[in-house]
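# Fold and contact review
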Amino acid sequence: MPDLRGLYQEVILDHSKKPRNYRVLEGADHHAEGYNPLCGDRITIYIKLDNDRITDLSFQGSGCAISTSSASLLTETLKGKTLDEADALFKKFHALVMGEANGNHAGDPQLGKLAVFSGVAEFPVRVKCATLAWHTLRSALKGEEKTVTTE
Ligand code: ZN
């Protein structure tokens, strides 16, 4: 067994230092802002759709390493996915960080790199950092204009 905890921390640090898809998306079909007052994380997510498929997505914002790396991994993971697939991943990810995945989370191949956030379940205050990007994505897809907060 490799040291998963160390590996996970490496991935999170890498994505927080060098966030992927960190830009404003010109001509985005949807965008929304998210705010986590507990930690001060702010994020804007941009999405381009072709029918029900996410053809491109990006984000900008400022926040802690967990919220930034979670947004970065979200954009990397969801590009090319359908809205149904994105929704299914949201539910799996939510269960993972809430510690409701019954211990088999890291083995779920659909989660892929998102499994690096399994350790967040041990730190309830960090769950909102990890899920902010996902709540913001949902809000953007629903076309909600107001800023979504984790409160
Ligand atoms: Zn945070």
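Note that the structure is a prediction, hence the values are computed from the model and not measured.

Cut-offs and rules
Residues numbered from 1 in each chain as written. Predicted model: local features only at pLDDT ≥ 70, side-chain atom pairs only at ≥ 80, totals over all residues. Heavy atoms only, no water. Helix = DSSP H or I, 4+ residues; strand = E, 2+ residues; numbered from the N terminus. Expected span 1.5 Å × (residues − 1). Bend = angle between axes of the 7 residues up to and from the residue. Buried < 20%, exposed > 50% of the residue type's maximum accessible area, 1.4 Å probe, protein only. Contact = heavy atoms within 4.5 Å. Patch = residues over 30% accessible without salt bridge, like charges linked within 9 Å, V, L, I, M, F, W, Y side chains within 5 Å. Areas by Shrake-Rupley, 256 points an atom, 1.4 Å probe, with all protein chains shown as cover. Salt bridge = Lys/Arg side-chain N within 4 Å of Asp/Glu carboxyl O. Lys, Arg positive; Asp, Glu negative; His and termini not counted. Charge placed at Lys NZ, Arg CZ, Asp CG, Glu CD. Donors = N, O, S within 2.8 Å, 3.2 Å for Na, K, Ca; no water. Phe/Tyr/Trp six-rings, centres within 6.5 Å; stacked < 30°, edge-to-face > 60°. Lys NZ or Arg CZ within 6 Å of the ring centre and 35° of its normal.

The terminal C-alpha atoms of helix H4 (residues 124–142), which comprises 19 residues, lie 27 Å apart, in line with the 27 Å expected from a rise of 1.5 Å per residue. The axis of H4 is deflected most strongly, by about 45°, at threonine 131. Looking at H4, one finds that the buried residues are Val127, Cys129, Ala130, Thr131, Leu132, Ala133, Trp134, Thr136, Leu137, Ser139 and Ala140. Of the surrounding elements, those touching the buried residues of H4 are strand S1 (30–36), strand S2 (41–50), strand S3 (53–62), helix H2 (65–78), helix H3 (83–97) and strand S4 (148–149).

A cluster of acidic side chains, namely Asp50, Asp52, Asp84 and Glu85, defines a negative patch on the protein surface. The exposed category is assigned to aspartate 84, whose relative accessible area is 61%.

All right, on to the coordination of the zinc ion then. Here the zinc ion is held by the protein donor atoms Cys39 (SG), Asp41 (OD), Asp41 (OD), Cys64 (SG) and Cys129 (SG), which lie 2.2 to 2.7 Å from it. Among the residues examined, cysteine 129 registers a relative accessible area of 1% and is labelled buried.

What follows deals with the pattern of salt bridges. Applying the stated criterion to the full structure yields eight salt bridges. Note that lysine 113 is salt-bridged to glutamate 76, the shortest N-O span being 3.3 Å. With a gap of 37 residues between them, lysine 113 in the loop between H3 and H4 and glutamate 76 in helix H2 connect regions that are remote in the sequence. Classification of lysine 113 by relative accessible area gives partly exposed; the value is 44%.

Moving on: the packing of aromatic side chains. Taken as a whole and assessed by the stated rule, the structure comprises four aromatic pairs. A centroid spacing of 6.1 Å and a plane angle of 45° characterise the contact between phenylalanine 90 and tryptophan 134, whose relative ring orientation is tilted. Placement of phenylalanine 90 in helix H3 and of tryptophan 134 in helix H4 is noted, with a sequence separation of 44 residues between them. Here the two residues phenylalanine 90 and tryptophan 134 agree in accessibility, since each one is buried. On the numbers, 5.7 Å between centres and 80° between planes, the contact of phenylalanine 93 with phenylalanine 117 is edge-to-face. Residue phenylalanine 93 is located in helix H3, and its partner phenylalanine 117 is located in the loop between H3 and H4; the two are separated by 24 residues in the primary sequence. Exposure remark for phenylalanine 93: the relative accessible area of 1% places this residue in the buried category. Put simply, the rings of Phe90, Phe93, Phe117 and Trp134 pair up and form one aromatic cluster. Here the guanidinium or amino end of arginine 42 rests over the ring plane of tyrosine 35, the centre of that ring lying 4.0 Å away.

These results come straight from atomic positions and should not be treated as a statement about function.
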